[in-house]
Amino acid sequence: MPTLVMKFGGTSVANLDRIARAAKRVAVEVANGYDVIVIVSAMSGKTNELVGWVDETSPLYDAREYDAIVSSGENVTAGLMALRLQEMDIPARSWQGWQVPVKTTSAHSNARIEDIPADNINAKFAEGMKVAVVAGFQGVSPEGRITTLGRGGSDTTAVAFAAAFEAERCDIYTDVDGVYTTDPRITSKARKLDKIAFEEMLELASLGAKVLQTRSVELAMRYKVRLRVLSSFEEPSDSAGTLVCDEEEIMESNVVAGVAYSRDEAKMTLISVADRPGIAAAIFGPLSEAGVNVDMIVQNISEEGRTDMTFSCPTDQVKRAEKAMQDAKASGEINFHDLVADEGVAKVSVVGIGMRSHTGVAAQMFRVLSAEGINIKVITTSEIKISVLIDRKYMELAVQALHDAFELEKAG
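Quick caveat, the model's predicted, so the values are computed rather than measured. (Residues numbered from 1 in each chain as written. Predicted model: local features only at pLDDT ≥ 70, side-chain atom pairs only at ≥ 80, totals over all residues. Heavy atoms only, no water.)

1. Describing the side chain of Ser 262
Along the polypeptide, Ser 262 turns up in strand S13 (residues 258-274). Given a relative accessible area of 15%, Ser 262 falls into the buried group. Of note is the side chain of Ser 262, whose polar atom sits 2.8 Å from the side chain of Glu 265. Those residues in contact with Ser 262 that lie beyond four places of it in its chain are Leu 207, Ala 346 and Lys 347. (Helix = DSSP H or I, 4+ residues; strand = E, 2+ residues; numbered from the N terminus. Buried < 20%, exposed > 50% of the residue type's maximum accessible area, 1.4 Å probe, protein only. Polar contact = N/O pair within 3.5 Å; in protein donor to acceptor, adjacent residues only side chain to side chain. Contact = heavy atoms within 4.5 Å.)

The following block contains the structure:
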C-alpha cells in the first residue's frame, strides 16, 4: 500500500468536533487506498498552558521534566484521534514517540531527530492497521528520556516520517489554505500559490512567514518530500492548498515568488571597533555562545584602524547581545567606543528562484522603496533573496508597494 502522512496542527484539533472533522479527512484517504500516518499537535493553547504550569512550579526547571510535561498534550490528541477513527470502524492506534521509536539527540526542549525505524509501524500495517496516529513534537533520547523538538516541531515530525516511510506526500493541515505571495492581512491582493519551490519556502519560512517551521522545510528539501499545505476548515479538492516541491516541478513562475517580513528586528552597531584580523570572530563568537541569532551583517570601510560593525538580531535578544559585547570588551577580546541598539526596525525581503536568471530585481526594489520615501538601513542579498532593514513604521507600506511593483497578484 502507498503511504500518506497527514499532519494536523493545534487549531485543527482544538476540540472534539475538530478532531472528528480531521478524522473524516483521514477516512477519505484510507478509502483512497493509503496506509496513513497521522501526526497530531496538542490541542490549541494546551502547550502554552503546560509551559505555564512548569514555569509556575519551577522557574529553574529540569529540562528533562519539562519535556515529560509539555509532550503530554500531543499524547492526549493522539489517543482521542485514534478513538474517533475506531468509532468509524477504521483500524487505528496511537503511538507516542518512544513507541515508534523516534530517536533523537539529548538536547531537551530542542532535540533533533536522528532516526525513525519503520519496522514497528510497518509490522502493524501488515497486520491490518490502517492508521498510525503519532504524537508529534516528541521523541526519545539515547538515555531513554522523552525529548521535544522545539516549537513547531510537529511539522518536522511529519516530514521526518514522510522521509522514513517514503510517503507519496506529506499533507500539512493548518488554519490557512496555503502559502501566499505575502500576508493577506497586509494586502488584499495577496495570492495563494499553487506551487512553490523548496528553496523559496525555506527563505520565506526563515524570513518570518509562519506557515511552516524552517527545520521541516530543510528536511523536506534534503529528502525530496513533497509537502502540501492546506486548510482543515475547507472542503478538500485536488487543487487545494499549496504544493512545496522540487524546482523542476514548477514550469514557469514569477521572478519574485513572495514578499516576507519580520516585525521584531533590532539593528545593533558597534561604533569604532579596532579593525584587525580576527575581529569578526571576536565579535560574533561571543554572540553565538550567548545564543544570539545574528542575521544581517554590515562592516563599514576602515578609517585609521577603526571601523563600525552593524548586525541585526531579534528584539528579544538585544539584552543578551549587549551583555555579550560588554563582557567581551571587559575581558579585552574586543575594543569599541559605543554600542547602539535600534529596536524600531523591521526586515522586508523579496524571494524568488527566478532571480537567478533575471537581473534588475534589486534595482527595482530600491527604486520602489525610494519612491515611497522609505530609507534603507541595511541590505543583504543571496542568490534568491534580497532583504532590507527599514523603520518599522514603514513596514506595511513597503510590503504593499513591493507586492504591487512585482505584480505578485498575477500568476506567472
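There's more to say after this.
2. Considering helix H4 (residues 72-87)
An ideal rise of 1.5 Å per residue puts 22 Å on 16 residues; H4 measures up with 23 Å between its terminal C-alpha atoms. Turning to H4, its buried residues number three or more, namely Gly 73, Glu 74, Thr 77, Ala 78, Met 81, Ala 82 and Leu 85. Down the axis of H4, the smallest arc covering the buried residues is 160°, so these residues share one side. One or two positions beyond H4, positive phi appears at Asp 89, with a value near 65°. (Expected span 1.5 Å × (residues − 1). Arc of directions from axis to C-beta.)

3. Notes on the UniProt feature "domain: ACT" (unreviewed entry) in the protein
With numbering matched to this structure, UniProt assigns "domain: ACT" (unreviewed entry) to residues 268-353. Summarising residues 268-353: 28% helix, 38% strand, and an end-to-end C-alpha distance of 30 Å. (UniProt positions renumbered as here; feature names shortened; annotations may be inferred.)

4. Details of helix H2 (residues 46-57)
For H2, which comprises 12 residues, the first-to-last C-alpha distance of 17 Å matches the rise-based estimate of 16 Å (1.5 Å per residue) to within 8%. The set of residues buried in H2 consists of Thr 47, Leu 50, Val 51 and Val 54. The buried residues of H2 occupy an angular sector of 100° when the element is viewed end-on, so they sit on one face. Where H2 is buried, its residues meet helix H3 (63-70) and H4.

5. Comments concerning the sheet that holds strand S2 (residues 35-40)
Pairing is mixed across the open sheet formed by 8 strands, whose spatial order is S3-S6-S2-S1-S9-S11-S12-S10. In the strand order of this sheet, the two ends are held by strand S3 (92-95) and strand S10 (195-197), each with one partner. Mean inter-strand twist for the sheet, computed between neighbouring axes without regard to direction, equals 20°. Helix H7 (residues 198-206) rests against S10 and strand S12 (242-245) of the sheet, and its axis sits at about 85° to S10. (Pairing = 2+ DSSP bridges. Axes fitted to C-alpha atoms, helices over the stretch in contact; angles between N-to-C directions.)

6. Looking at the UniProt feature "binding site: ATP" (unreviewed entry) in the protein
The UniProt feature table records "binding site: ATP" (unreviewed entry) at Lys 7, Phe 8, Gly 9, Gly 10, Thr 174, Asp 175, Tyr 180, Arg 185, Lys 210 and Val 211. Note that Phe 8 resides in strand S1 (residues 3-8). Relative accessible area serves as the criterion here: at 0%, Phe 8 is assigned to the buried category. When neighbours within four sequence positions are excluded, Phe 8 is seen to be in contact with Val 13, Ala 22, Arg 25, Val 26, Val 38, Ile 39, Val 40, Ser 41, Met 81 and Tyr 173. By the secondary structure assignment, Tyr 180 is in the loop between strand S9 (169-174) and S10. A relative accessible area of 23% means that Tyr 180 is categorised as partly exposed. Ignoring any residue separated from it by four or fewer positions in sequence, one finds Tyr 180 in contact with Ala 190, Arg 191, Lys 192 and Leu 193.

7. Quick notes on the sheet that holds S13
Sheets are built from strands paired through backbone hydrogen bonds, the pairs being either parallel or antiparallel. As summarised here, the arrangement of the 6 strands in space is S14-S15-S13-S16-S18-S17, forming an open sheet in which the pairing is antiparallel. The open sheet terminates on both sides in strands that have one partner only, identified here as strand S14 (297-299) and strand S17 (378-382). Strand-to-strand, the axes of this sheet are offset by a mean angle of 25°, without reference to chain direction. The strands that helix H11 (residues 361-371) touches are strand S16 (338-351), S17 and strand S18 (385-391); relative to S18, the one it contacts most, it runs at about 20°. Sitting on the sheet, helix H12 (residues 395-405) touches S13, S16 and S18, and the angle it makes with S13 is about 120°.

8. Considering the nonpolar core
Ranked by size, the top nonpolar core spans 41 residues in total, and within it Val 5, Ile 121, Phe 161 and Met 201 carry the most contacts. Only S2, helix H5 (119-126), strand S6 (131-135), helix H6 (153-164), S9, H7, helix H8 (214-223) and strand S11 (227-231) provide two or more residues apiece to this core. Each residue touching Val 5, except ones within four places of it in the same chain, is listed here: Ile 37, Ile 39, Ala 158, Phe 161, Ala 162, Ala 167, Arg 169, Cys 170 and Asp 171. Counting residues in hydrophobic clusters, the runner-up holds 27 residues, among them Leu 4, Phe 8, Val 30 and Ala 240. (Core = buried A, V, L, I, M, F, W, Y, C linked by side-chain atoms within 4.5 Å.)

9. Let's talk about the environment of Val 298
The topology assignment puts Val 298 in strand S14. Relative accessible area serves as the criterion here: at 28%, Val 298 is assigned to the partly exposed category. Once the C-alpha coordinates of Val 298 and Val 378 are considered, the two residues, 80 residues apart in sequence, prove to be 7.2 Å apart. Ignoring anything within four residues of it in the chain, the contact list for Val 298 reads Asp 308, Met 309, Thr 310, Val 378 and Ile 379.

10. Remarks on the pairing of S2
With 6 of 6 residues buried, S2 is to be regarded as a mostly interior element. Across the two faces of S2 the burial is the same, with Asp 35, Ile 37 and Ile 39 and Val 36, Val 38 and Val 40 all buried. Bridging between S1 and S2 involves 6 bridges; their strand directions are parallel. What sits directly across from Leu 4, in S2, is Val 36. Considered for its hand, the β-α-β crossover made up of S1, helix H1 (residues 16-31) and S2 is right-handed. (Right-handed = clockwise from strand over helix to strand, strands pointing away.)

11. Details of the pattern of salt bridges
All told, the structure shown has 20 salt bridges when counted by the stated rule. In this structure, Arg 226 and Glu 249 form a salt bridge, with 3.1 Å as the shortest nitrogen-oxygen distance. Here the residue Arg 226 occupies a position in the loop between H8 and S11, and Glu 249 occupies one in the loop between S12 and S13, the gap between them amounting to 23 residues. On the basis of relative accessible area, Arg 226 is assigned to the partly exposed category, the value being 31%. (Salt bridge = Lys/Arg side-chain N within 4 Å of Asp/Glu carboxyl O.)

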